[in-house]
Amino acid sequence: MDFSVLPTTAFIRPDGKNQDAIATLLHQVIDQLVEIMAQATERSPLPEPLMSDDYVWATVPHTSADIAALLVEVKAQLHHSMNAAHPGYIGHMDSIPTTVSVIADLLIAALNNNMLSVEMSPVFSRLETLVLKQIAQLFGLGPQANGVLVSGGSLANLQALIVARNQAFNSLEHGIPAGQHPVFFVSEAAHTSFKKASMVMGLGTEAAIPIATNQNSQIDIDDLKTKLARAKADGQQPFAIVATAGTTVTGSIDPIVEMGHIAKLHQLWFHVDAAYGGALIFSDRYRSQLAGIEQADSVTFNPQKWLYVAKTCAMVMFRQFEQLQQHFRVLAPYMHDHDDWPNLGELTVQGTRHPDILKLWLSLQHIGRDGYSAIIDHNYEITQTFTAAVKARPFLTLASEPQMNLVCFRAQPPELSPDKLDDWNHGLQQHLLQTGHTFLSLPVYRGQRWLKAVLLNPFTTADQIHRLFTHIDGYHAASKS
Ligand SMILES: *Cc1c(COP(=O)(O)O)cnc(C)c1O
């Protein structure tokens, strides 16, 4: 190989011949990383994107571009990126990552191992199996429980439903027998990934039967019973019931205990989507909100949300891990068996997969259960401050009573006609971003535009919330005059 056509730092040379150049380059990058993250509050929580003219670099060049110039370009990209670390970035379930997740991803990228098989990731495959077993125990799923990491909650939900379906219809090899119509039940407020899963599984989105919710966005048990009876009467074959612990718009928790009983009574698979709320298992004070989750056959949980592990990091756990092996596993002839250690690529939809486990393991070790518990307490305190401020203003209304650290609300000033309210709330959102350095998202909920705050950032303060409401009052007063 004639290396002279390549830049000297093209690879970290395994013979050490460019070690100094690499070290210099990485030190520069680390300085830039620390600078951008340590000055996150000086940028908008949601900066203006780069103009389209700025993307002249989007061409694929024939010759190597200078690394120093590239880093200048990357710096501009970072400055215009979504600024999740900002304490005013409270619009979505994205927040500041733990320091050790950042470190882990840098190291993992350099090693370039592959979670496909034990051979290709001998340390991290074992670590994943060991750590997920512990987490499954924390959720109370019992001695036979374990899980796998996947790239996001959508894949976790898909994988759980595939196992539920294959188990109910023995369909791993032969698919669904002709004339059968598998269906499952899930909240109308559940995450869209259930419709996607249903479609991907060949059942069609209508096989995800939506259950009505009460004022607080929790599944209405009577409607669940009615729809279950109706599906059976219509000749459909129900195979699963899904509870959500932390809905995406309002952070609501379904009646997990009762739903678990119904699932058991009808011999249906019970899945709990705790992608968001699963973190409460780490909280001494709030863990009881997840009561009943220990009855689940499978649980989705995203440490990339409330455990502050850098994306992606999500898992699906099974009460009987053996069911995943039996109803999902497809053996790969190019992989060896390693005694008790499964080749994880045989057990997941994904093949090649990033070793997300290092970020998770390091975060759990470095923050500790007490650390997470304290952060969650703080999040709840800030949420109470926020909720009280909404309730103190007659022109504001809550979408539902917060059960976690999400507050979904909107302004309904009586002087405005109902058809103007969506625009008015959109205007308020923009005002808060420009003037109040706070980003709230604007979800559609029950057919209207609402403002959503996800109070995840440990650096968000009560003072900041009080200032935010001063800006809300200011906008309200200005619109009246
Ligand atoms: C975030 C979320 C998901 C989807 O997770 P992704 O990682 O975005 O795929 C599913 N369910 C719930 C309740 C969620 O909050």
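Scroll up for the structure.
What comes next is a walk through the structure.

Parameters at a glance
Residues numbered from 1 in each chain as written. Predicted model: local features only at pLDDT ≥ 70, side-chain atom pairs only at ≥ 80, totals over all residues. Heavy atoms only, no water. Axes fitted to C-alpha atoms, helices over the stretch in contact; angles between N-to-C directions. Helix = DSSP H or I, 4+ residues; strand = E, 2+ residues; numbered from the N terminus. Parallel < 35°, antiparallel > 145°, perpendicular 65-115°, else oblique. Left-handed = near helix turned anticlockwise from the far one by under 90°. Contact = heavy atoms within 4.5 Å. Near = heavy atom within 4 Å. Polar contact = N/O pair within 3.5 Å; in protein donor to acceptor, adjacent residues only side chain to side chain. Areas by Shrake-Rupley, 256 points an atom, 1.4 Å probe, with all protein chains shown as cover. Buried < 20%, exposed > 50% of the residue type's maximum accessible area, 1.4 Å probe, protein only. Pairing = 2+ DSSP bridges. Core = buried A, V, L, I, M, F, W, Y, C linked by side-chain atoms within 4.5 Å. Domains from an automatic or database assignment. Expected span 1.5 Å × (residues − 1). Arc of directions from axis to C-beta.

### A closer look at the packing of helix α1 (residues 19-38) against helix α2 (residues 67-79)
- Interhelical geometry of α1 versus α2 gives an angle of 15° and a closest axis separation of 11 Å. Between α1 and α2, the angle falls in the class roughly parallel. In this structure, α1 crosses over α2, and the sense of that crossing is right-handed. Taking contact as the criterion, the partners of L25, Q28, V29, Q32, E35 and I36 in α1 are, on α2, I67, L71, V74, K75, L78 and H79.

### Here's the deal with the site of the ligand
- What surrounds the ligand is a group of 15 residues, the closest being G153, S154, D273, Q304 and K305.
- The side chain of D273 places a nitrogen or oxygen atom 2.6 Å from a nitrogen atom of the ligand.
- In the model, an oxygen atom of the ligand is placed 2.7 Å from a nitrogen or oxygen of the K305 side chain.
- Its free accessible area being 380 Å², the ligand has 85% of it covered by the protein chains.

### Topic: the pairing of strand β2 (residues 182-187)
- Burial analysis of β2 places six of its six residues in the buried class, the great majority of the element.
- Of the two faces of β2, the one carrying P182, F184 and V186 and the one carrying V183, F185 and S187 are both buried.
- Bridge count between β2 and strand β4 (residues 237-244): four bridges; the pairing is parallel. Directly across from V183, in β4, lies its bridge partner P238.

### Examining the nonpolar core
- Counting residues in each nonpolar core, the largest one holds 99 residues, and the members touching the most others are F139, V272, W306 and L360.
- If you count residues domain by domain, this core takes at least three from each of domain 2 (106-364) and domain 3 (369-480).
- Look past the residues within four positions of F139 in its chain and what remains in contact with it is G278, I281, L290, I293, E294, V299, F301 and M317.
- One finds I90, L398, L451 and I465 within the second-largest nonpolar core, a separate group that totals 23 residues.

### Digging into α1
- Spanning 20 residues, α1 covers 28 Å between terminal C-alpha atoms, matching the ideal 28 Å at 1.5 Å per step.
- Taken together, the buried positions of α1 are occupied by I22, L25, Q32 and I36. For α1, the arc enclosing every buried residue in end-on projection is 95°, short of the 170-degree limit, so these residues lie on one face. Turned more than 90 degrees off the buried face of α1, the exposed positions are Q19, D20, H27, D31 and A38.
- Next to the buried residues of α1 lie α2.

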